[in-house]
Amino acid sequence: MRNILLDAILFALFVAELSFQLLPKILHEILGVIMFALIICHVAINRRRFLSLIKKMTPRKFFSTTTNILLTICAGVTVITGVCMSNYLFVDAVSGELRRNMTIHQLHVAAPYVMLILIGIHLGLHWRELWQRFFKRFGTEIFFKAAAVILSVVGVAGLYLNRVVDRLLMKHIFATPATELPAPMFMLLIIGGVIFFATITFLIDEKIRKGRD
């Protein structure tokens, strides 16, 4: 239960950080530091599970391990570029030239959207476990399937409205149609994006499992 709570807080912080245009800049930096600290806690708590993936490597374990490594790298890139761009907490630690560097800015924008995809894949690989340990207690399976479908549709719309492909290509983007929406709707689009990739990953994983059986 402790792990689930930590994961939920991390996910909430991730959504809040991607909604940076809705937050004061100093709060965005503070939440970023908190999120980074909790990521370290998450890795420390789950270190045995991560190490177990290396033993008796299978294609699925390799894919899961690669996802975790890429997710960690993206988090690191986001933190490092965030420090370089800091206007408050780390303003005295970096030069003005770094703060104005466009490549650093574009990396800081692109890396979190790569994380969005990877978090979705990560959730999809663990969806069966999450269902058994947590979600099953609070409702019927059909309810959560319907919610996953609805959120996935919302997520696809969010990927388009937020120009995620252009962000991943590191194009210079100041605003998108999504950023003009009310805060709850924008956050829902982000959540939906994660659920979309989680759902796709889960369905593919289930098909592979059934094929083996």
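Predicted, not measured: the structure shown is a model, and the values here were computed from it.

Quick look at the overall build of the protein
Argument step 1. When helices and strands are tallied, the protein shows ten helices and zero strands.
Argument step 2. In sequence order, the protein lays out its α and β elements as α-α-α-α-α-α-α-α-α-α.
Argument step 3. Going through the 213 residues of the protein one by one, you find that 37% of them count as buried.
Argument step 4. In the protein, the share of contacts with a sequence separation of at least 24, taken over all contacts with a separation of at least 6, comes to 70%.
Argument step 5. A total accessible area of about 12,800 Å² is found for the protein, and carbon and sulfur atoms account for 72% of it.
Argument step 6. Here the protein contributes 23 positively and 12 negatively charged side chains, and the mean placements of these two sets differ by 9 Å.

Here we look at the side chain of His28
Argument step 1. Topologically, His28 is positioned in helix α2 (residues 25-45).
Argument step 2. At 3.2 Å, the side chain of His28 forms a polar contact with the side chain of Glu17.
Argument step 3. Residues contacting His28, with those up to four places away along its chain left out, are Glu17, Phe20 and His108.

Looking at unusual backbone geometry
Argument step 1. Residue Arg163 is not a glycine yet carries a positive backbone phi of 50°.
Argument step 2. Positionally, Arg163 belongs in the loop between α8 (141-161) and α9 (164-168).
Argument step 3. By relative accessible area, which is 34% here, Arg163 ends up partly exposed.
Argument step 4. In this structure, Met170 is a non-glycine residue whose phi angle is positive, near 60°.
Argument step 5. Following the sequence through the fold, Met170 ends up in the loop between α9 and α10 (183-212).
Argument step 6. Its relative accessible area of 26% is what places Met170 among the partly exposed residues.

Focus on the pattern of salt bridges
Argument step 1. Under the defined criterion, the tally for this structure stands at five salt bridges.
Argument step 2. The shortest N-O distance in the salt bridge between Arg60 and Asp205 comes to 3.0 Å. A residue pair is termed long-range when its members are at least 10 positions apart, and Arg60 in helix α4 (residues 59-85) and Asp205 in helix α10 qualify at 145 residues.
Argument step 3. Look at Asp205 and you get buried, because its relative accessible area is 9%.
Argument step 4. The residue Arg209 makes a salt bridge to Glu206 at a minimum N-O spacing of 3.8 Å.

Brief notes about the packing of α8 against α10
Argument step 1. Contact geometry of α8 with α10 gives a least axis separation of 6 Å together with a crossing angle of 115°. One way to sum up the angle between α8 and α10 is to call them roughly perpendicular. The two elements α8 and α10 cross, and the hand of that crossing is left-handed. Between α8 and α10, the residues in contact are Ala148, Leu151, Ser152, Val154, Gly155, Val156, Gly158, Leu159 and Leu161 and Leu188, Leu189, Gly192, Gly193, Ile195, Phe196, Phe197 and Thr199, respectively.

Here we look at the nonpolar core
Argument step 1. By size, the foremost hydrophobic cluster in this structure holds 27 residues, and its most contacted members are Phe14, Met35, Tyr113, Met115, Leu116 and Ile190.
Argument step 2. No other element matches helix α1 (residues 2-18), which puts seven residues into this core.
Argument step 3. Not counting the four nearest positions on each side in its chain, Leu116 is found in contact with Phe14, Leu18, Leu159, Ile190, Gly193, Val194 and Phe197.

Things to note about the packing of aromatic side chains
Argument step 1. Scanning all chains against the criterion turns up two aromatic pairs.
Argument step 2. Look at Phe143 and Phe144: their rings are 5.2 Å apart centre to centre, the planes differ by 85°, and that puts the pair in the edge-to-face class.

Notes on the side chain of Thr176
Argument step 1. The residue Thr176 is located in the loop between α9 and α10 in this model.
Argument step 2. Of note is the side chain of Thr176, whose polar atom sits 2.8 Å from the side chain of Asn162.
Argument step 3. Once you skip the residues sitting within four places of it in the chain, Thr176 turns out to touch Leu161, Asn162, Arg163 and Arg167.

Scoring rules and cut-offs
- Residues numbered from 1 in each chain as written.
- Predicted model: local features only at pLDDT ≥ 70, side-chain atom pairs only at ≥ 80, totals over all residues.
- Heavy atoms only, no water.
- Helix = DSSP H or I, 4+ residues; strand = E, 2+ residues; numbered from the N terminus.
- Buried < 20%, exposed > 50% of the residue type's maximum accessible area, 1.4 Å probe, protein only.
- Contact = heavy atoms within 4.5 Å.
- Areas by Shrake-Rupley, 256 points an atom, 1.4 Å probe, with all protein chains shown as cover.
- Lys, Arg positive; Asp, Glu negative; His and termini not counted.
- Charge placed at Lys NZ, Arg CZ, Asp CG, Glu CD.
- Polar contact = N/O pair within 3.5 Å; in protein donor to acceptor, adjacent residues only side chain to side chain.
- Salt bridge = Lys/Arg side-chain N within 4 Å of Asp/Glu carboxyl O.
- Axes fitted to C-alpha atoms, helices over the stretch in contact; angles between N-to-C directions.
- Parallel < 35°, antiparallel > 145°, perpendicular 65-115°, else oblique.
- Left-handed = near helix turned anticlockwise from the far one by under 90°.
- Core = buried A, V, L, I, M, F, W, Y, C linked by side-chain atoms within 4.5 Å.
- Phe/Tyr/Trp six-rings, centres within 6.5 Å; stacked < 30°, edge-to-face > 60°.

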